[in-house]
Amino acid sequence: MNKYNFRHPLSDKTNYITDRKIIIGSNIIEYDIKQANINILKAYGDLNEFEYYNIMKADKVSREIMIGRKIQMEKMSNKDEKSPIAEHIRDGIKLAKDNLLVTNNIDPNEVVRIANDAVYIERQLPLQQTSFDILNNGHRIMFVDKGHFSSFIKLGRVSVFLRIESDENLVVDVKGINDELVPLHQPFLGFICNILFYLERTDIPTTLQVYNEFYEEYINRSLPIEYYREFNSDSDIRINSPHRFYGGRFLDEKYKNMADINYNLLMLREIYAIILSLSS
């Protein structure tokens, strides 16, 4: 039993992803706590007005540095090396999520992802209640709408969120791979987004035709080397040698026949199974 007796089963989750493999043609909204750290510390009385407004006006990186310093200074002054400030941030985020989920009657099946102070909720209409007085002291914590997505797919430890704009441009958000490395995956990610696009805009047979054409090219190694970069957080292109298994960020096209293609092949087979599941 937690000390706050959260009313929703997902309120204390800080790294959660739905068990569902795919969502197509829906409405997934990302809600983030506005300036979570400083607003929660203000609610707990850990920041005075001068500190609050000075930190609030800073950019995100500077805010995090200033809060981090405050936590470190507090730890140094406490013999047990615990920081009430850090605990307040952690507990306050959970309380805020509990208010959001309970007040809006969010079913656990509607929660697609939780990442600390961000909650992705699948619901056709925006939530009505997004501002909460979590400690009943007049200081409100607000969730802001950070973006909408229409489709989602989970492959291994990587999740892809997608939205098709009115001009048919795609907005894509990848979770499970460092943002700086995502551009390296553009070729294989482009195929995944293409499948999601066809699932939204056409039908299963058409999507399977697109898939099968790509699959044949993939297994015949007819695609450029970048398609064989493993779609995971390592982001490596691996090769098999007689003595060792090597992996690196880049591999010359002339060595493509040495590339190990099995990881993304497993991803392709999973995608195929997911497509078929939509027709059952």
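Scroll up to find the structure.
1. What to know about the packing of helix α5 (residues 186–201) against helix α7 (residues 262–278)
Then, number 1: Across the interface, α5 lies against α7 with an axial gap of 12 Å and an inter-helix angle of 5°. As far as their axial angle goes, α7 and α5 are roughly parallel. On α7, the residues touching Phe188, Phe191, Ile192, Ile195 and Leu199 of α5 are Asn264, Met267, Leu268, Ile271, Ile275 and Leu278.
Then, number 2: Taken together, the residues that form the contact of α5 with α7 break down as ten nonpolar, one polar and no charged.

2. So, the side chain of Asn39
Then, number 1: Its place among the elements puts Asn39 in helix α1 (residues 36–44).
Then, number 2: Under the relative-accessibility criterion, Asn39 is labelled buried at 8%.
Then, number 3: Looking at Asn39, its side chain comes within polar contact range of the side chain of Tyr52, at 2.6 Å.
Then, number 4: Aside from chain neighbours lying at most four places away, what touches Asn39 is Lys34, Tyr52, His139 and Ile141.

3. Observations concerning the sheet that holds strand β4 (residues 111–115)
Sheet strands pair by backbone hydrogen bonding; their relative direction is either parallel or antiparallel.
Then, number 1: One open sheet holds the six strands; their spatial order is β1-β4-β5-β3-β7-β6, and the pairing between them is antiparallel. Of all strands in the sheet, those with a lone pairing partner are β1 (15–17) and β6 (131–132), marking the two edges.
Then, number 2: Taken together, the three bridges between β1 and β4 define a ladder with antiparallel strand orientation. Bridge assignment links Ile17 to a residue of β4, and that residue is Arg113.
Then, number 3: In the packing of helix α4 (residues 84–103) onto the sheet, contacts are made with β3 (28–33), β4, β5 (118–122), β6 and β7 (141–149), and the angle to β5 comes to roughly 15°.

Reading guide: rules and limits
- Residues numbered from 1 in each chain as written.
- Predicted model: local features only at pLDDT ≥ 70, side-chain atom pairs only at ≥ 80, totals over all residues.
- Heavy atoms only, no water.
- Axes fitted to C-alpha atoms, helices over the stretch in contact; angles between N-to-C directions.
- Helix = DSSP H or I, 4+ residues; strand = E, 2+ residues; numbered from the N terminus.
- Parallel < 35°, antiparallel > 145°, perpendicular 65-115°, else oblique.
- Contact = heavy atoms within 4.5 Å.
- Nonpolar A, V, L, I, M, F, W, Y, C, P; charged D, E, K, R; others polar.
- Buried < 20%, exposed > 50% of the residue type's maximum accessible area, 1.4 Å probe, protein only.
- Polar contact = N/O pair within 3.5 Å; in protein donor to acceptor, adjacent residues only side chain to side chain.
- Pairing = 2+ DSSP bridges.

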